[in-house]
Amino acid sequence: MLLLTQTGFAQKLLVTDLSCEHKVNPIGVDVAAPRFSWKLSGAGRNIMQKAYSIRVATDKNFASKKTSWQSGKVNSDESVLLTYAGTALQSGTRYYWQVKVWDANNNESAWSSPAYWEMGLLLPQDWKAQWIEPVQSDEKQMPALVLRKDFAVQKKIAAARAYVTSHGFYELHINGKKVGDEIFTPGWTSYNKRLQYQVFDITPLLLQGANSVGAMLADGWYRSSLAWEKNWGTWGKKLGLLCQLQITYTDGSEQTVITDNSWKGSQDGPITRDGIYDGESYDARKEMRGWSNAGFDDSKWKAVAVADGAKDDLIAVQTVPVRRIQEIKPLRIFKTPKGLLVADFGQNMVGWVKLKVKGDAGTLITIRHAEVLDKYGDFYTDNLRAATATAEYTLKGGDEETYEPRFSFFGFRYIAVNGYPGELKPEDVTGVVVHSDMKQTGSFECSNALVNQLQHNIQWGQKGNFVDVPTDCPQRDERLGWTGDAQAFCRTAAFNMDVAPFFTKWLKDVAADQEPDGAVPFVIPDVLRNKNTSAGWGDVSTIAPWTMYRVFGDKRILETQYPSMKAYVEYIRKKAGDSYMWKGGSVFGDWLFYKSMAQTENDGYTSPDMIATMFYAYSAKLLAQAAEVLGKTDDVQTYNNIFDKIKEVFNRNYVTAEGRIASESQTSYVLALHFGLLPEALRAKATQYLVEDIKGRHNHLSTGFLGTPYLCHVLTANGRTDVAYDLLLQQTFPSWLYPVKMGATTIWERWDGQKTDSTFQDVGMNSFNHYAYGAIGDWMYRVAAGIEIGAPGYKHILVQPQPDKKLTYAKASFESSYGQIASGWEMKDGKLLVKVKVPANTTATIILPEAQTNKVTEGGIPVGTAFKNVKQDKNNLVIEAGSGDYSFEYVPGGN
Ligand code: BGC
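Residues numbered from 1 in each chain as written. Predicted model: local features only at pLDDT ≥ 70, side-chain atom pairs only at ≥ 80, totals over all residues. Heavy atoms only, no water.

J.: Run through the side chain of Asn 175, naming residues and quoting values.
T.: Looking at where Asn 175 falls in the secondary structure, it is placed in the loop between β13 (169-174) and β14 (177-178). For Asn 175, a relative accessible area of 11% corresponds to the buried category. The contacts of Asn 175, once residues within four sequence positions are left out, are Leu 205, Leu 206, Leu 207, Ala 210, Asn 211, Ser 212, Ser 292, Asn 293 and Ala 294. (Helix = DSSP H or I, 4+ residues; strand = E, 2+ residues; numbered from the N terminus. Buried < 20%, exposed > 50% of the residue type's maximum accessible area, 1.4 Å probe, protein only. Contact = heavy atoms within 4.5 Å.)

Below is the structure:
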């Protein structure tokens, strides 16, 4: 709708961006009471919602007979995650909804354009389909399977859906076309407890008369070798399919096509080998033209077996699908000193390469993948460990052929191509980037090009490691949902991209895989099955739900995860007992803290037992806070008391009267300060020791996975933002910018993955795409640019940019549930310009540093005149503002 500039119309209040359960028009929802969100817009400032009205119907025109819910006019300023409260929602039904709002001046919006969501199959008995398993070999490596069935459509179709899931990866085809654009379906969950199914609108794919449905099945996460032990078939050794096509005719009658013993299968398809770590082989000579078209000759295919698979563990998809997101062309193609033909994509990425080729039938092309070249410029794959990460294509011959893998992925910047007929040109190879299709929500930029590259690297680290679950790395024989890495990075991740659905799903797997005693496995889904937990890793169960609640205002995530959060804290409580100290609880310690490049000095070492006790305190505190939000008063008391006890014991055992903390590492000070474990009187001293340590190292950090995320925050919270900037801008090892200077395009696992002499760290563990250290991104958004949560979901925003003279500008934006928030500053001609954007239906406290009331203008008007509520707080000017765009100007220091 157009916003006219004429007065009257200019005030027009609009409701936009309707979403249901964090998604736009989702189909396949199994939440009994879904939640609705919308955004407001209008001209001018201070737009606040005073009331809303929602209506829901099974009919797009909201005919009264088909109404499922009318909220009526509700006086409330809530516009995020409002819960459906109508009649019980029915399986497979589409519901339309719309909303209108009133603002504080009683302006009424029109009804929004309708949005919809569609329920999935809510009960096990809604599944008429049977699990089927085609004949398949019982070996570790086997070809992908193909399945098919013909069926007829006799009448005119009103709507048709496919409900489908599998053991292993599936690709569904109807009449020669792949259904949907999702990849790696059905996604990765704790398969033995929760298995997602997808719902596709297949109406446009069906034909009058003869039709055919087919599927390919591949090992995927379900059956591939996973983890370095090279075990396979973690959840099962047989691939299977469950598929139900539900066709509704215009006369109201229905037809269901299901997987049953009438399907046929073959193991003789073109994909002769596939697996997560090892890649895929495709023999185009074995292509079965028209295999998913009606009338295909499947007389040589074998009948499938009906299997006994569970249906009561099926869940509708809760996250966003993995898709092909972007394509990248190689920067150059060259021969390495050792004579390999290599293409460089200029970006460490995750996905695969699409290849164009023309040549003789039977020609075999091999594509290997690498993240880096070694110091001689040769192709380096040692750090992939046992992952062979190879795609193979055998030509069918004749016209130009195009190939891209579909059931595997690679982490790479370089590919080495062998066997390509003729000259390999840039137009023949395309890098295809795949990841969970999360909307980009954040941006950060400043006057330092290296920091901007760091932000780029953080975002690419996220792309490459948010492939249905948050993984440690995407390239070697690992790629697992390491919990410690996820807790360290989740706050930064939630700035860069909309991760609400992603974590909603994964955290349920955290809970599902938690041991009966509350221990949280090292990786989720739990591939390792070693029934152990580690401080700083298991804490993902408290840290991530709390973070998601804060960022997205999603109370339900806290509610859902609460039993898991509590079980984890109770697990530690049992271990610690009356000592309130968790001994032996930290398996990994402050993982990969600073050691010299030669790995000789254990310089940044922090006592693992002390770490365990500190995280015990932190998780107990977060649990108490969650209990508070959820109104669990008893638990608030219990866990606050536990926190206090731990704090006391911690101080008695690990802290001197002078505020020195055992280990005296940066991480020991950082965790104690960040987790609120020190008495007020010792905070300044502890900060001083931390700063002395940093200065003693000539402005270098020494933290690992656990200390790094909070390092700069602790400095800021204790008045040393200047030192935080020194660390951020440090270019030599160990620092965030050292890898950038070495040409990194993603975040490295180690501070010195590649050493100053261009040799590499230990091949046993040296990933060049590991997001944990990217956790600094959070500080860049919150402190350098100044976007901070004031109330859950950014209903209230704290805008508090903290400029530093080492930069001339910094700015960030974040698309919150209410709309875009932006904050940025620039030093120009001795003046500080601060630009702020506050979205409709939120309020902000804007804190301008080193500012005096009578010296600051906004849009040329003195702030005292422009705002009702301006306060001087020491050197800061504190302004209460409603929605709008603001631009402040002043000379810092006040002259
Ligand atoms: C992974 C990690 C993980 C760590 C735990 C590594 O192999 O790559 O990032 O957190 O193990 O020790």
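J.: Residue-level account of the sheet that holds strand β38 (residues 787-791), with values.
T.: Strand order in the open sheet made by the five strands is β38-β39-β43-β47-β46, with mixed pairing throughout. With one partner strand each, in any of the chains shown, β38 and β46 (869-873) form the two edges of the open sheet. When the angles between neighbouring strand axes are averaged without regard to direction, this sheet yields 20°. In this structure, β38 lies alongside strand β39 (residues 796-799), joined through four bridges in antiparallel fashion. Bridge pairing in β39 places Glu 788 opposite Leu 798. (Pairing = 2+ DSSP bridges. Axes fitted to C-alpha atoms, helices over the stretch in contact; angles between N-to-C directions.)

J.: Pulling in residues and values, what's your account of the site of the ligand?
T.: Every residue near the ligand is listed here: Asp 472, Arg 476, Glu 478, Trp 482, Asp 485, Trp 537, Phe 588, Trp 591, Phe 705, Glu 749, Met 765 and His 770. At 2.5 Å from an oxygen atom of the ligand is found a side-chain nitrogen or oxygen belonging to Asp 485. His 770 has a polar side-chain atom sitting 2.9 Å from an oxygen atom of the ligand. In terms of residue class, the shell around the ligand is built from six nonpolar, one polar and five charged. (Near = heavy atom within 4 Å. Polar contact = N/O pair within 3.5 Å; in protein donor to acceptor, adjacent residues only side chain to side chain. Nonpolar A, V, L, I, M, F, W, Y, C, P; charged D, E, K, R; others polar.)

J.: Can you explain the packing of helix α2 (residues 449-465) against helix α14 (residues 777-785)? Please cite residues and give values.
T.: In a pair of packed helices, the angle between the axes and the distance between the axes together describe the arrangement. One way to put it is that α2 packs onto α14 with a least axis distance of 10 Å and a crossing angle of 125°. Judged by the inter-axis angle, α2 sits oblique to α14. Packed against α2, whose contacting residues are Val 451, Leu 454, Gln 455, Ile 458 and Gln 459, the element α14 presents Gly 777, Met 780 and Tyr 781 at the interface. (Parallel < 35°, antiparallel > 145°, perpendicular 65-115°, else oblique.)

J.: Hey, could you go over the pattern of salt bridges for me, with residue numbers and the actual values?
T.: The final tally for this structure, using the stated rule, is 51 salt bridges. Across the pair Arg 573 and Glu 570 runs a salt bridge whose closest N-O atoms are separated by 2.7 Å. Placement of the pair is Arg 573 and Glu 570 together in helix α6 (residues 555-576), with a separation of three residues, close to one helical turn. Residue Arg 573 is classed as partly exposed on the basis of its relative accessible area, which comes to 33%. Linking Arg 782 and Asp 778 is a salt bridge whose minimum nitrogen-to-oxygen distance equals 2.9 Å. (Salt bridge = Lys/Arg side-chain N within 4 Å of Asp/Glu carboxyl O.)

J.: How would you summarise the environment of Asn 448 if you had to cite specific residues and measurements?
T.: Along the chain, Asn 448 falls in the loop between β35 (442-446) and α2. For Asn 448 and Lys 806, which are 358 residues apart along the polypeptide, the C-alpha to C-alpha distance reads 8.9 Å. Not counting residues up to four positions away in its chain, the partners in contact with Asn 448 are Leu 729 and Leu 807. A polar atom in the side chain of Asn 448 sits 2.8 Å from the backbone nitrogen of Leu 450.

J.: Lay out helix α10 (residues 680-696) in plain terms, naming residues and giving numbers.
T.: When the terminal C-alpha atoms of α10 are compared, their 25 Å separation across 17 residues agrees well with the 24 Å that a helix rising 1.5 Å per residue should span. Listing the buried residues of α10 in full gives Leu 682, Arg 683, Ala 686, Thr 687, Tyr 689, Leu 690, Val 691, Asp 693 and Ile 694. (Expected span 1.5 Å × (residues − 1).)

J.: Tell me about the environment of Leu 630, residues and numbers included.
T.: Mapped onto the elements, Leu 630 comes out in the loop between α7 (608-629) and α8 (633-654). C-alpha of Leu 630 to C-alpha of Tyr 562: the two residues are 68 residues apart in sequence and 9.1 Å apart in space. When residues no more than four places from it in sequence are discounted, the contact partners of Leu 630 are Lys 555, Leu 558, Glu 559 and Tyr 562.

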